[in-house]
Amino acid sequence: MSEQAQANIGVVGLAVMGSNLARNLASRQGNTVAIYNRTFARTETLMSEHPEAGFIASESIDAFVASLAKPRTAIIMVQAGAGTDAVISELVDRFEPGDIIVDGGNALFTDTIRREQTIAASGIHFVGAGISGGEEGALKGPSIMPGGSVESYQTLGPILSSIAAIAEGEPCVTHVGTDGAGHFVKMIHNGIEYADMQLIAEAYDILRHAGGFTPVEIAGIFTEWNAGELESYLIEITAEVLTQVDAATGKPFVDVVLDQAGSKGTGVWTVQTALDLGTPVSGIAEAVFARSLSSQAGQRAQAGNLPAVTTAWGVADKAAFVEDVRRALYASKIVAYAQGFDAIRAGAATYNWKIDLGAVSKIWRGGCIIRAQFLNRIADAYAKNAELVSLLLDDYFTQAISDSLSAWRRVVAHAALAGFPVPAFGSSLSYYDGLRAARLPAALVQGQRDFFGAHTYKRVDAEGTFHTLWSGNRTEVATEPSTH
Ligand code: NBP
């Protein structure tokens, strides 16, 4: 081994995320960090701006690999997709069995599964690690969701623990499960983040336009909420955004921003995956669709004069109204998280991962965008019952929803009457009512399916599968399930 081979960890890709992660690693005792970027100018900039980091910089991938102590461990932080594949291939060509390649980018979990399977044959470990917290998290302490082999985590665990956020004394990192489990859980994290943001936005909209509060007043309301059970990073930053005043016009910042929300893909992936898994993540889906609707500029421009036929909300008691909105937000949030954790359970069952849901909720308490006290309640629920089939069945959450139900129904009903779009509030409430319903109209849907497609149905009072001869004498026959 050359004298230079002394870095215990390397980072490939030195744009904002990679640079910050490399600096974070270098700032922790025990780490010596090797760095490499396709375009050397980026490496030089990082070296000159942060001499204190003591980076071992390389201009070539060969020199980078030579600078890593064995087992060589490198974290890739490049553009997801083709860039990631290109770097993986360069490392695989040079690494040896036992070495570890970590993809810290936002990869689709099925890509991670594919890559892990391909690379595993060489004896090199491939770990897909979800890293949440954006630029600041990467620098100061993200929440990290690594997948990959248990063996690789023995080397990687201490390194990742050294840079992760700390929540209540515990590093926000855990070995989520094998192969793509880490990126899967990161994807669901982002899906929940979409729902959380949309719910807060709906609460804002109601407070503003039904309650008549100004953005600054709503910031004050959110700041108060942040001292209670809704305490979270997202509520906190929403209050900050609402106090911002546009320097050019003197108007509230929120009034000068174009109301068309974009997305980068993980929300869409969450919904697509949930559709494949047959898991209803309706709150997340509505949040993704709400962004899509907001961006339908052409249609919206022409639809502005469509009939509304609304009934004024008529807020008489402002304090009671604010409390109703708070409770509706909390109940809807509980549903969004219950759906997200359901999707993780379904993914784990489908992809053979053993995922500790309580551990996942704990590593989201710090570093990431959905960090919140609330996650302790979820950890408590899974600590009481690791096999909990829905968070809504945990005593704490059952009680919390029960305490909020009337308010939640009032808000959704008033919103419908007054003509406010509340897709996430409304769908969360419908999900709750659907889940608890003794009978669902799915029975009628089964009848329709049997009528037009002979899809068959089951009976409530007998074993077996049945079909009614709809076009004949309408008698029922026992049959095998249709393959349509
Ligand atoms: P970008 O996603 O903007 O990617 C830029 C980096 O990719 C540069 O280092 C660039 O090298 C490198 N790269 C590309 Br592009 N194609 C390459 C190739 N074929 N071979 C080698 N390197 C290549 O960087 P980022 O915003 O720092 O994000 C890095 C990863 O982290 C992404 O997967 C992203 O999704 C994920 N992530 C980002 C955030 C965030 O808040 N930004 C949060 C969480 C996760 P060059 O300098 O030579 O062009």
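What you are looking at is a predicted structure, and each value in this text was computed from that prediction instead of being measured.

1. Topic: the nonpolar core
The biggest cluster of nonpolar side chains holds 91 residues, and the ones touching the most others in it are Phe222 and Trp364. Dropping the residues within four chain positions of it, phenylalanine 222 is found in contact with Ile200, Ala203, Tyr204, Leu207, Ile235, Thr238, Ala239 and Leu242. Listed in part, the 28 residues of the second largest apolar core include Ile35, Ile100, Ile144 and Leu156.

2. Comments concerning helix H15 (residues 318-351)
For H15, which comprises 34 residues, the first-to-last C-alpha distance of 49 Å matches the rise-based estimate of 50 Å (1.5 Å per residue) to within 8%. Burial of H15 is extensive: 25 of the 34 residues sit out of reach of the surface. A positive phi of about 60° marks asparagine 352, the residue just after H15.

3. A word on helix H9 (residues 215-225)
By the burial criterion, the buried members of H9 are Pro215, Ile218, Ala219, Ile221, Phe222 and Trp225. Looking straight down H9, one finds that the buried residues subtend no more than 160° of arc, so they occupy a single side. The exposed residues of H9 that point more than 90 degrees off its buried face are Val216 and Glu224. As for H9, its buried residues are in contact with helix H8 (181-209), helix H10 (233-243), helix H11 (253-256) and H15.

4. Things to note about the site of the ligand
Around the ligand sit 20 residues, and of these Met17, Asn37, Arg38, Thr39 and Arg42 come closest. Between the ligand and methionine 17, the relevant distance is 2.8 Å, taken from an oxygen atom to a main-chain nitrogen or oxygen of the residue. The contact in question runs from an oxygen atom of the ligand to an N or O atom on the backbone of glutamine 79, over 3.2 Å. When the free accessible area of the ligand is taken as 910 Å², the share hidden by the protein chains comes to 77%.

5. Digging into the UniProt feature "domain: 6-phosphogluconate dehydrogenase C-terminal" (unreviewed entry) in the chain
Look at the UniProt record and you will see "domain: 6-phosphogluconate dehydrogenase C-terminal" (unreviewed entry) annotated at residues 182-471. Taken end to end, residues 182-471 is 65% helix and 1% strand, and its first and last C-alpha atoms sit 52 Å apart.

6. What to know about the side chain of asparagine 376
Examined against the element boundaries, asparagine 376 turns out to sit in helix H17 (residues 374-384). In this view, asparagine 376 contacts Glu168 and Arg365; residues no more than four positions away in its chain are not counted.

7. Looking at the pairing of strand E2 (residues 33-36)
Burial along E2 is two-sided: Val33 and Ile35 and Ala34 and Tyr36, pointing in opposite directions, are all buried. Following the chain from strand E1 (residues 9-12) across helix H1 (residues 16-27) to the adjacent parallel E2, one finds a crossover that is right-handed. In this structure, E2 lies alongside strand E3 (residues 56-57), joined through two bridges in parallel fashion. From the neighbouring strand, isoleucine 35 faces E3, where its bridge partner is alanine 57. Traced from E2 through helix H2 (residues 40-49) to E3, the parallel crossover comes out right-handed.

8. Examining the packing of aromatic side chains
Across all of its chains, the model carries 18 aromatic pairs by this definition. Note on phenylalanine 222 and tryptophan 225: the rings are 5.1 Å apart at their centroids and 45° apart in plane angle, and the pair reads as tilted. In this pair, phenylalanine 222 and tryptophan 225 both sit in helix H9, three residues apart, roughly one turn of the helix. Using a relative accessible area of 0% as the deciding quantity, one classes phenylalanine 222 as buried. Ring centres of phenylalanine 341 and tyrosine 382 lie 5.7 Å apart, and the angle between their planes is 40°; this geometry places the pair in the tilted category. Of this pair, phenylalanine 341 sits in helix H15 while tyrosine 382 sits in helix H17; the two residues are 41 residues apart in sequence, bridging distant segments of the chain.

9. Overview of unusual backbone geometry
For the bond from lysine 70 to proline 71, the omega torsion is -5°, close enough to zero to count as cis. Its identity is not glycine, yet alanine 454 carries a phi of approximately 50°, on the positive side.

10. Topic: the sheet that holds E1
Sheets are built from strands that pair by backbone hydrogen bonding, the pairs being arranged parallel or antiparallel. Strand order in the open sheet made by the seven strands is E3-E2-E1-E4-E5-E6-E7, with mixed pairing throughout. Two strands lie at the open edges of the sheet, namely E3 and strand E7 (143-146), each paired on one side alone. Pairing of strand E6 (residues 125-132) with E7 involves four bridges; the strand directions are antiparallel. Across the sheet, residue serine 132 finds its bridge partner in E7, namely serine 143.

11. A few points about a nonpolar patch on the surface
Together, Val241, Phe253, Val256 and Val257 give the surface a local cluster of nonpolar side chains, amounting to about 280 Å² of exposed area. With respect to the helices and strands, valine 256 occurs in helix H11.

12. Regarding the packing of H9 against H10
Relative orientation of the contacting elements H9 and H10 amounts to 160°, with a least axis distance of 8 Å. By the angle between their axes, H9 is roughly antiparallel relative to H10. Relative to H10, the crossing made by H9 is left-handed. Contact with H9, carried on its side by Pro215, Val216, Ile218, Ala219, Phe222 and Thr223, involves Ile235, Thr238, Ala239, Leu242 and Thr243 of H10 and no other residues of that element. Split by residue class, the contact of H9 with H10 holds eight nonpolar, three polar and no charged.

13. Quick notes on the pattern of salt bridges
Oppositely charged side chains may form a pair once their charged atoms are brought near each other. The final tally for this structure, using the stated rule, is 24 salt bridges. As a salt-bridge pair, arginine 72 and aspartate 99 come within 2.6 Å of each other at their nearest N and O atoms. Remark: aspartate 99 occurs in the loop between helix H4 (82-94) and strand E5 (100-103) and arginine 72 occurs in the loop between helix H3 (61-66) and strand E4 (73-76); sequence separation between them is 27 residues. Side by side, arginine 72 and aspartate 99 carry an identical accessibility label, which is buried. Among the salt bridges present, the one from lysine 333 reaches aspartate 196, with a minimum N-O distance of 3.6 Å. You can see lysine 333 sitting in helix H15 and its partner aspartate 196 sitting in helix H8, a full 137 residues away along the chain. Several salt bridges share partner residues, and in doing so they unite Asp85, Asp103, Asp111, Arg114 and Arg115 into one network.

14. Examining the pairing of E1
Burial along E1 is two-sided: the residues Ile9 and Val11 and Gly10 and Val12 are all buried. Bridge analysis of E1 against E4 gives three bridges, and the strand direction is parallel. Bridge assignment links valine 11 to a residue of E4, and that residue is isoleucine 75.

Definitions and limits used
Residues numbered from 1 in each chain as written. Predicted model: local features only at pLDDT ≥ 70, side-chain atom pairs only at ≥ 80, totals over all residues. Heavy atoms only, no water. Core = buried A, V, L, I, M, F, W, Y, C linked by side-chain atoms within 4.5 Å. Buried < 20%, exposed > 50% of the residue type's maximum accessible area, 1.4 Å probe, protein only. Contact = heavy atoms within 4.5 Å. Helix = DSSP H or I, 4+ residues; strand = E, 2+ residues; numbered from the N terminus. Expected span 1.5 Å × (residues − 1). Arc of directions from axis to C-beta. Near = heavy atom within 4 Å. Polar contact = N/O pair within 3.5 Å; in protein donor to acceptor, adjacent residues only side chain to side chain. Areas by Shrake-Rupley, 256 points an atom, 1.4 Å probe, with all protein chains shown as cover. UniProt positions renumbered as here; feature names shortened; annotations may be inferred. Right-handed = clockwise from strand over helix to strand, strands pointing away. Pairing = 2+ DSSP bridges. Phe/Tyr/Trp six-rings, centres within 6.5 Å; stacked < 30°, edge-to-face > 60°. Patch = residues over 30% accessible without salt bridge, like charges linked within 9 Å, V, L, I, M, F, W, Y side chains within 5 Å. Salt bridge = Lys/Arg side-chain N within 4 Å of Asp/Glu carboxyl O. Axes fitted to C-alpha atoms, helices over the stretch in contact; angles between N-to-C directions. Parallel < 35°, antiparallel > 145°, perpendicular 65-115°, else oblique. Left-handed = near helix turned anticlockwise from the far one by under 90°. Nonpolar A, V, L, I, M, F, W, Y, C, P; charged D, E, K, R; others polar.

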